[in-house]
Every structure is written in C-alpha cells, then in structure tokens.
Amino acid sequence: MHTDEYEISIARELNHHRHVVKKIHAALEARQRAHGMDYAAAREAVGAGRLALSPSELAAWQEDVEALPLWEQRLEEYRQALEMMRISASRG
C-alpha cells in the first residue's frame, strides 16, 4: 500500500540522512586538513606524542569515522525504499 504520507516521511528521512552524511564528511575532511593526516595516522601520532589532541577531540574523530558507514548504509536503505515506493505507485 502506498500513500503520499509514507512517501513524504521516507523522503524526509532520506534528506535528513543526506544532511548528516554530508556533515560528517565535512567534519572528517576538516580534521584531515587541519592535522595533515587521517584518523588512523592521528591516533598513532597522539600515542607517540607527535600530535597534541585532547582525548575528547580524538574520541569525536573516532566517533565520526565509525558513524559514517552506518549513516551511509541507512541513507542507501532510505534511497532504495523511496525508489521502490515510487515504482509501486507508478504501477498502481
């Protein structure tokens, strides 16, 4: 069963997930530019004393690295759901 409300809700979730993925990408890119390295290298540099990052800064970086694939997966699931909904609506 297809209703406009379902499609609107899924589209809203899709847009929200796009926004979050874009925001996480931007945060990761900003950190990489600021420190000249990716998270794995930064973690190693902090451990070796070559990079001064607070534990909370490093934890936030790690959270973004771990969260990104989850948000991207959900984004793709919503994209597919919306596509299927639109296909079924065009047949009905």
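Read on for a plain summary of the structure. Just so it is clear, the structure is predicted and the values come from calculations on it, not from any experiment.

Across its full length, the chain holds three helices and zero strands. What you see for the chain is a C-alpha radius of gyration of 19 Å, clearly larger than the 12 Å of a compact globule of 92 residues, by over 25%. Within the chain, the proportion of its 92 residues that are buried is 25%. Sequence-distant contacts, at least 24 apart, represent 72% of the contacts inside the chain between residues at least 6 apart. Each charge class in the chain was averaged separately, 12 positive and 15 negative side chains, and the resulting centres sit 3 Å apart.

Helix length check: helix H1 (residues 4–35) (32 residues) gives 47 Å between terminal C-alpha atoms against 46 Å at 1.5 Å per residue, within 8%. Residues of H1 that are buried include every one of Glu7, Ile10, Ala11, Leu14, His17, Val20, Val21, Ile24, Leu28 and Arg31, and no others. In the segment just after H1, glycine 36 is the residue with positive phi, at about 70°.

A few words on the environment of glutamate 7. Tracing the backbone shows glutamate 7 in helix H1. Considered as a pair, glutamate 7 and histidine 19 are 12 residues apart in the sequence and their alpha carbons are 18 Å apart. A polar atom in the side chain of glutamate 7 sits 3.0 Å from the side chain of arginine 86.

Reading the values: the criteria
- Residues numbered from 1 in each chain as written.
- Predicted model: local features only at pLDDT ≥ 70, side-chain atom pairs only at ≥ 80, totals over all residues.
- Heavy atoms only, no water.
- Helix = DSSP H or I, 4+ residues; strand = E, 2+ residues; numbered from the N terminus.
- Rg over C-alpha atoms; globule rule 2.2 N^0.38 Å.
- Buried < 20%, exposed > 50% of the residue type's maximum accessible area, 1.4 Å probe, protein only.
- Contact = heavy atoms within 4.5 Å.
- Lys, Arg positive; Asp, Glu negative; His and termini not counted.
- Charge placed at Lys NZ, Arg CZ, Asp CG, Glu CD.
- Expected span 1.5 Å × (residues − 1).
- Polar contact = N/O pair within 3.5 Å; in protein donor to acceptor, adjacent residues only side chain to side chain.

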